[in-house]
Amino acid sequence: MRRSNNQYIGRFAPSPSGGLHFGSLVSAIASYVDARQHFGQWILRIDDIDQPRTKSGAAESIIHTLNAFGFKWNNSIQWQSERISQYEQVIQELKDRNAVYICACSRKEISKIAASGVDGMIYPGTCRDQGHKENSSRAIRIRTNSERIYFSDRVFGHFEQNLETLSGDFIIRRADKITAYQLAVVVDDYLDQVSHVVRGADLLMSTCKQIYLGGLLGYPTLDFAHTPLVINKSGKKLSKSDRAFPVNPDTPLTALIAAWRFLGQQDITPHVQTVEEFWDEATTKWSIQKVPADYP
Ligand code: GLU
C-alpha cells in the first residue's frame, strides 16, 4: 500500500541492553539529521520487548545521553513493553487468516537439520502442516513463499530476497511468549506512522522479512536506508556490551564529530563549538549519497 501523504516521520529505536555505544550513535545521527533535512518528525522508541535482554537503567542512560547530545524527539517516548496487546491482536489476525502456525521444534532439533541462511538458520518447514496446538513452550511462525521481496535501499541500492529459500518460515512469537522483534518492529512503525527507517546495516538482512509482514498486514511501504556498522578490533559488530567505544555524555561534540566522519560526511567547520551548532551545520551538509555502503 502506498502512503497517502508525503509526511516524513523517522525514528530511532534502541534496545535497552546497555548504554549508547558509538555504533548506535552513528545510526541515531543519520536518522535524526535525515529527518531534520526533510523537515520531518523524529520519534524515539525504546525496544524493550525482550525483557530478558533488558538491563536495568539502560533505557534511562540512553535517554540521558541522547539529551546531552542535543537530540530532540517529537511526542512522548514509545515503549514496546506497553504494546503487547496490540502485537497480540495482530498475531490473532494472522492466526485467523491461517498465515501462521505453531512450531514445536527446539533450536537444537532445527540446528541438526537446517542449513544456515543470511539471517540465522533456514527453517525447513517441519511443523508447517502438523496442526500443532499452542502450549507454553511453542513458537509461532509465519508462512513464507517464493515471492521475490525487494526494495531500494537509499545507501545499499537494490536488494532482494526469496524468503522461502533464504530464511524459511520465521518466528513472530517466540517459545517464551515474547513477541519477536520482526513482528514488533513492523507493528510499531505502523502505529507510529513511520515513513522513513534509517538504521544500522545489521538489520539489512531482516528488512525483506519486515516488508513481507507489512505487506500481509496491508501497511504502507516504508523507505529504508542502512548505515555502515562500526566493527570492533576482532571484526565483530560493536555491541552494547563492548567497552571499546563508549560515548561520553560529558563530551558530546567529540563523539558527534567522530560519528559524522564515520558516515563519510563533509567535515564540520572548526568554529562549531556547541551541539546546537553541530546540528545546524550537519543538517545543511548531510548527504546520504556520501554514506559508505560497507557491509562486513
Ligand atoms: N532495537 C534494534 C536495535 O537496537 C533496532 C530496531 C530497528 O531499528 O528496526 O538494534
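Here the structure is a predicted model, which is why all the values come from computation and not from measurement. (Residues numbered from 1 in each chain as written. Predicted model: local features only at pLDDT ≥ 70, side-chain atom pairs only at ≥ 80, totals over all residues. Heavy atoms only, no water.)

(A) View of unusual backbone geometry. The phi dihedral of K177 is positive, around 80°, even though this residue is not glycine. Within the secondary structure, K177 sits in the loop between β10 (170-173) and α6 (181-191). Accessibility expressed as a relative area gives 36% for K177, which makes it partly exposed. The phi dihedral of Q193 is positive, around 55°, even though this residue is not glycine. Structurally, Q193 can be placed in the loop between α6 and β11 (196-200). (Helix = DSSP H or I, 4+ residues; strand = E, 2+ residues; numbered from the N terminus. Buried < 20%, exposed > 50% of the residue type's maximum accessible area, 1.4 Å probe, protein only.)

(B) Inspection of the pattern of salt bridges at higher detail. Summed over the entire model, instances satisfying the criterion amount to 23 salt bridges. One salt bridge connects D280 with R36, and the closest N-O pair in it is separated by 3.2 Å. Of this pair, D280 sits in helix α9 (residues 275-285) while R36 sits in helix α1 (residues 22-37), and the two are 244 residues apart along the sequence. Overall, the relative accessible area of 47% leaves D280 in the partly exposed class. Several salt bridges share partner residues, and in doing so they unite R11, R45, D47, R83, D188, D189 and D192 into one network. (Salt bridge = Lys/Arg side-chain N within 4 Å of Asp/Glu carboxyl O.)

(C) Quick peek at the packing of aromatic side chains. Under the counting rule described, the total for this entry stands at 14 aromatic pairs. A ring pair is formed by F278 and W279, whose centres lie 5.0 Å apart and whose planes are at 75°; its orientation type is edge-to-face. Classification of F278 by relative accessible area gives buried; the value is 0%. It is R141 that lies over the ring of Y123; its NZ or CZ is 3.6 Å from the centre. Geometry around F170 places K209 over its ring, the cationic atom sitting 5.4 Å from the centre. (Phe/Tyr/Trp six-rings, centres within 6.5 Å; stacked < 30°, edge-to-face > 60°. Lys NZ or Arg CZ within 6 Å of the ring centre and 35° of its normal.)

(D) Structural context of the nonpolar core. By size, the foremost hydrophobic cluster in this structure holds 78 residues, and its most contacted members are L25, F71 and I172. With nine residues, the top contributor of residues to this core is α1. Apart from the residues lying within four places of it in its own chain, the contact partners of I172 are I91, L94, V100, I140, R141, I142, T179, A180, L183 and L213. Grouped together as the second largest cluster of nonpolar side chains are six residues, Y101, I110, Y123 and C127 included. (Core = buried A, V, L, I, M, F, W, Y, C linked by side-chain atoms within 4.5 Å. Contact = heavy atoms within 4.5 Å.)

(E) Spatial organisation of the side chain of Q161. Topologically, Q161 is positioned in strand β9 (residues 157-162). Residue class for Q161 comes out buried when judged on its relative accessible area of 4%. In this structure Q161 touches V118, E147, R148, I149, L166, M205 and C208, once residues within four positions along its chain are discounted.

(F) Expanded view of the packing of α6 against helix α7 (residues 207-216). Viewed as axis vectors pointing N to C, α6 and α7 meet at an angle of 55°, and their least axial separation amounts to 9 Å. Judged by the angle between their axes, α6 and α7 are oblique. Here α6 runs over α7; the crossing is right-handed. For the pair α6 and α7, contact is made by Y181, Q182, L183, V185 and V186 and by K209, Q210, L213 and G214, respectively. (Axes fitted to C-alpha atoms, helices over the stretch in contact; angles between N-to-C directions. Parallel < 35°, antiparallel > 145°, perpendicular 65-115°, else oblique. Left-handed = near helix turned anticlockwise from the far one by under 90°.)

(G) Representation of the site of the ligand. By nearness alone, every residue bordering the ligand is listed as R11, A13, P14, S15, D47, Y181, V185, R199 and L203. R11 is positioned such that a nitrogen or oxygen atom in its side chain is 2.6 Å from an oxygen atom of the ligand. Within the contact set of the ligand, an oxygen atom lies 2.8 Å away from a side-chain nitrogen or oxygen of Y181. Within the complex, the protein chains bury 82% of what would otherwise be the 300 Å² of accessible surface of the ligand. Of the residues contributing to the shell around the ligand, the split by class is five nonpolar, one polar and three charged. (Near = heavy atom within 4 Å. Polar contact = N/O pair within 3.5 Å; in protein donor to acceptor, adjacent residues only side chain to side chain. Areas by Shrake-Rupley, 256 points an atom, 1.4 Å probe, with all protein chains shown as cover. Nonpolar A, V, L, I, M, F, W, Y, C, P; charged D, E, K, R; others polar.)

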